[in-house]
Every structure is written in structure tokens, then in C-alpha cells.
Amino acid sequence: MIFYFILIALGIYCYYYLVKPFKIFNKYKKQGEGFFFPLIGEFLLQNSCFEKFGDVDYIYKHINDNPANQKKMFVENIGKNIKIKLTSIDMMKDFYSYLGDKLTIDTFYTQNFKRIFGNGLIFSQGERWKNMRKMFSPAFHFEYLKNLSSSIEKIVDNALLEHINQDELQNVNIINLIFDMTSQVVFFSFLGDNLQDIKFKGKSLAQAITHILSALSNQVMELGYLVFGAKYLKLGIFKQHRELENYLQEFKSFFLDIIKSKKEELQKEFQETGDIQQNCVLSILIKENNIQNLSDSDLLDNLMTFFIGGTDTTSHLIAMAIYYVCQNEHFYSMTQKEVDYYKQDKSKSMQDLPFMNAVIKETLRIYGPGNKSFDQKVTEDIMINNIKIEKDIVLTSYVNSVHRDPQIYKDPHTFRPQRWINQETNDLPSYAFIPFSSGKKNCIGQHLAMIEARIILFKFFDYFDIEPQKDYVLKIKYGLLPQPVNPLLFNLKTRQNNID
Ligand code: HEM
């Protein structure tokens, strides 16, 4: 009896995890390229790309190299899911028009992270998302954010001067250093306070969040998670699972108290003076009478969401821009000369630094931390560029492939900022450059990211002569983002005359 039961269970398992996915895989592979291996196709392919080329995404980045191939998509499997990576510009318009309606974030990887960022903007859909986006948007308009520039400059100056004063200028891990600044900026832009002096169990708040994220990320690799999902982790069968859940809950309630007291402080100021001096998300919510529409836990979820959306991304963008500039003497001297020239003319704004802006855009094109959308589950059959995609398939928009398509960009795999200054990129088609996504769920923080990138890059090249590690080999793997495996270490030498 038990034998038959096991046999039937095995049969059902084989059908749902092997036979059915393989049939669907074959159907879609006709539209492009593909790779199938029972259960772990995506892992295996990315791993082998990493081993061979030092870049997990290599195969998707190069899929358009031969335009005669007419590839449109790359099909893979993971677990029982079939995943389609959209790699052609022709498919982007339809994809982004369905986002948030017939496409919802797939929870295979992300459900564990929801334990920290709950139902903030990224994970919300429908009316809830619409209302929140409307309430938060004014705080992310460029004109409003411009008022934060001097506070951001102060955060950056303090962080760099601290390194200079402590003489910590050799082998500086610049991603960590910049992450410290971008996390202060996110707290500041949300609460009007960078929370620098507050510690949770001996860690700064940014370090505590990083610790939680990295533990959650490790759990996603556990067999139990792959089979039963995040519910299994929350059950707390193992000690390390219980410990993490407790740490997470304590951290959330600690942070909730900080938010409550900041909110009360700003509300009091508003009641007493009719205004709030400090520009930040909270003050906009209070001034526009929206604060009562959000619970304290909604505020916490969104602060965590902004932290996750806005720290790693921005710090990787800036560190990679420094890395690329330092690979080429001409780019390096152009950047430094531009910074020095700008300092002599106070009438200019940082937007008037053409070469530096081109460096940022080119880094976003070729490396962009958001050049792959979240995996999205199809909730009902849809048409993407005249191809029917069935319900339950997982779709990802592979912006990386479009950003490196030789039919759109000349010499697409080369870092060449000049393309953004000469006429080359004047008439790019729609969806040819979308590092911050597109459509209604695009990145709310893109102006903040660009302002930070300009300020931090400017200060680095103003304060320091930057020397990269000799023989460094860039290898890209996924953490929360695609990121360099070996730390980006630089020697910094102060340019004495430039430091007041
Ligand atoms: C270089 C820096 C950044 C890049 C490349 C980037 C990229 C992106 C991308 C591609 C998306 C869409 C994700 C998807 O749906 O698949 C997104 C969404 C989002 N980003 Fe950013 N981002 C950056 C910085 C920021 C900053 C500084 C913040 C806020 C402080 C932020 C907050 C968000 C939020 C809240 C969403 C979700 C928006 C919604 O669903 O309505 N991001 N970002």
C-alpha cells in the first residue's frame, strides 16, 4: 500500500516538476533560446556563465550580438516554474503596460524579504499601491528634492572627512563607504534625520538591516525554503530560524518607536507654527494631510522599502562609475578637470557637468543595478509582441539585453560615455534606455538617485586622487543585486588644496 502511495506521489511530482514544465519550455523555446535542467535550470546556467565568463548575466547580455538571430526571449526553468526573460526591445512596451495589473511580483524569491519590507510600494498592487504612490510622489519630485542637496552634501562631506581624519585611505572598500552615505540619505529624506547616532544591539540601523537582509537571503538557498517557502522558516523549527525571527521582530518594534516619535515631533511643529522646516517624506505627508491615511506600520514598511530600493542600488551605481572611470586615463582626467572647472564657476549647478552626467548614464546602461525587472507572474493569458504568454508563466524584462543591443547602441559592450554627449544617442527609440524601469511602477526614487550620484562622484574626484587596485578582475554575481564579487578596493590620496 505504502509503496503504491509513494509511487503515485512520485508520479504526480514528476508530472508537475518535470513533464509539464518541459512541455511548456519547448513551446516557448521556439521563440528564442533556452536552457532546461530539472528543477535548477536557471541556477545552473547562471553558475556556468559565472564560471566561464565571470558574469552571471553574460548569456542574456550577449543574446542580441548577432542581429540575424532575431532572438526575442530566453526560456528557462526554476522549481516547477517556467521563466521567460524578454530580451528584445519589441517586447518592452507590452510588458510595462501589463505591470501591476496582469503581472504581479512572483514570490518564489521575494516572499522571504517581505518579512522585512512588508507591503510597501514595491509589493503593493491595485488601489493600495495607487493611493500610496500618490501620497509619496510629491516628496520625490526633482524640484522638491533639490532642497535636500545641501543636506546630502553635508552627509557626504562628513563621511569622507571622517575617513580622511582617521587616515583610512588605503584599500578603501568604496561600496561600503558609499553605502554608509546612501543609507543616511534615505533615512534623512524620509524622516528628516540621518539617525547616525542610533544603535540597535550595537549595530547602526543600516548595519542591522543589512544583517537581516543577508540572513534572509541565505535562507532562500535552504532546501526547506525551496520546497515549502517562507512559511516553513516562520514556523521556527530550527534555532537559527527562531533567532532571526526574534531579531527581526525586535528590530521592527524598535524602528516603529523611532518613526512614531519623529512623526509626533513634526506634527507638533506643524500645529505650533503652521509649517515644517525640514523637507522630508514625513513632513510632506503631514502638510498634505495624508498622514492619517497611513498606519505607523505602513510608514515602517515604506521606509524599509525605500531603504532597500535606494541604498544598495545607488551605492553600486556610484562605485561602478568610479571603477569604470578609473579604467581609462582619458575618462579619469576628463572627470577631474570638469570637477575643477566647475568649482571655479559658482553659477553652475551639478546638472551642468556634461561628462560626469554621461558617465552616470553610461554606467546605468552597461551595469545598471536595476537592469532586470523583478520576476513577474502572469495572472491571466496576455499577448507580448503578438506572442501569447499563458497564465502562471514567470516573466522578467531583461533590460540588460536591450541596453547592449548592437542595433541600438554602437559598440554596445564598451564603456563609452561620449555616446551621451555626441549625437549618437539623440534619437533612441522608446524603451532603449530604461535603467529605472518604465510605466506606472517605475522607480519613484530616480531623481534622488541621480542627485546623490552627482554629489558623491563630484566629491570623490574633488577630494581624492583615486587609484584602483592593480590586476583587479571584475566578476559579477547576484547578491540582492548583480554586484562585484571581489570588493572594489581603492587607494585614495587627498588633493590637499581641495579640502577646506
Ligand atoms: C541607481 C539607483 C536606482 C536604480 C537603478 C533603481 C531602479 C529601480 C527599478 C528598475 C525599479 C522597478 C523595479 C521593478 O518593478 O522591477 C525601481 C522601483 C522602485 N525604486 Fe528604485 N532605483 C534606484 C534608486 C532608488 C532610490 C534612491 C529609491 C528611494 C529612496 C528607490 C525606491 C524605489 C521604489 C519605492 C520602487 C517601487 C516603485 C513602485 O512600485 O511604485 N529607488 N527602482
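The sections below set out a description of the structure shown in this document. (Residues numbered from 1 in each chain as written. Predicted model: local features only at pLDDT ≥ 70, side-chain atom pairs only at ≥ 80, totals over all residues. Heavy atoms only, no water.)

**Section: a nonpolar patch on the surface**
- Judged by side-chain polarity, Ile2, Phe5, Ile6, Leu10, Tyr13, Phe37, Leu39, Ile40 and Leu44 come together as a nonpolar surface patch covering roughly 840 Å² of accessible area.
- The greatest single-element share of the nonpolar patch, amounting to five residues, is contributed by helix α1 (residues 2-29).
- In this fold, phenylalanine 5 is placed in helix α1.
- Taking the relative accessible area as the measure of exposure, phenylalanine 5 reaches 61% and is therefore exposed. (Patch = residues over 30% accessible without salt bridge, like charges linked within 9 Å, V, L, I, M, F, W, Y side chains within 5 Å. Areas by Shrake-Rupley, 256 points an atom, 1.4 Å probe, with all protein chains shown as cover. Salt bridge = Lys/Arg side-chain N within 4 Å of Asp/Glu carboxyl O. Helix = DSSP H or I, 4+ residues; strand = E, 2+ residues; numbered from the N terminus. Buried < 20%, exposed > 50% of the residue type's maximum accessible area, 1.4 Å probe, protein only.)

**Thoughts on the layout of surface pockets**
- Here the second largest pocket defines a volume of roughly 790 Å³.
- Tyr17, Ile78, Gly79, Lys80 and Asn81 are, among the 29 residues lining the second largest pocket, the residues nearest its centre.
- For the lining of the second largest pocket, the secondary structure elements donating two or more residues are α1, β3 (81-86), α5 (107-110) and α12 (223-228).
- Examining the composition of the lining of the second largest pocket, we find that six residues originate from one element, α1, more than from any other.
- Of the residues belonging to the lining of the second largest pocket, the class tally is 17 nonpolar, five polar and seven charged. (1 Å grid on protein atoms, 1.4 Å probe; cavity = no way out; pocket = protein on both sides within 12 Å on 5 of 7 lines; lining within 4 Å. Points joined across faces, edges and corners; volume = space filled by probe spheres on them. Nonpolar A, V, L, I, M, F, W, Y, C, P; charged D, E, K, R; others polar.)

**Quick notes on the coordination of the iron atom of the ligand**
- Among all protein atoms, only Cys443 (SG) binds the iron atom of the ligand, sitting 2.3 Å from it.
- Residue position: cysteine 443 is located in the loop between α20 (399-403) and α21 (446-463). (Donors = N, O, S within 2.8 Å, 3.2 Å for Na, K, Ca; no water.)

**Comments concerning the site of the ligand**
- Around the ligand sit 24 residues, and of these Trp129, Arg133, Phe374, Lys441 and Cys443 come closest.
- Residue glycine 309 places a main-chain N or O atom 3.1 Å away from a nitrogen atom belonging to the ligand.
- Measuring from an oxygen atom of the ligand, one finds a backbone N or O atom of phenylalanine 374 at 2.9 Å.
- Elements supplying a minimum of two residues to the shell around the ligand: α7 (126-136), α16 (296-310), α17 (312-326) and α21.
- Split by residue class, the shell around the ligand holds 13 nonpolar, nine polar and two charged. (Near = heavy atom within 4 Å. Polar contact = N/O pair within 3.5 Å; in protein donor to acceptor, adjacent residues only side chain to side chain.)

**Some words on the sheet that holds strand β4 (residues 103-105)**
- What the six strands build is an open sheet, ordered β1-β2-β3-β11-β8-β4; its pairing is mixed. Both edges of this open sheet fall to β1 (33-34) and β4, since each of them pairs with a single strand only.
- Sheet topology note: the strand β2 (residues 73-78)/β3 ladder contains six bridges and is antiparallel. Across the sheet, residue asparagine 77 finds its bridge partner in β3, namely isoleucine 82.
- The sheet contacts of α1 involve β1, β2 and β3, and relative to β2 the element is tilted by about 175 degrees.
- Its contacts with the sheet place helix α2 (residues 41-53) against β2 and β3, and it is angled at close to 115 degrees to β2. (Pairing = 2+ DSSP bridges. Contact = heavy atoms within 4.5 Å. Axes fitted to C-alpha atoms, helices over the stretch in contact; angles between N-to-C directions.)

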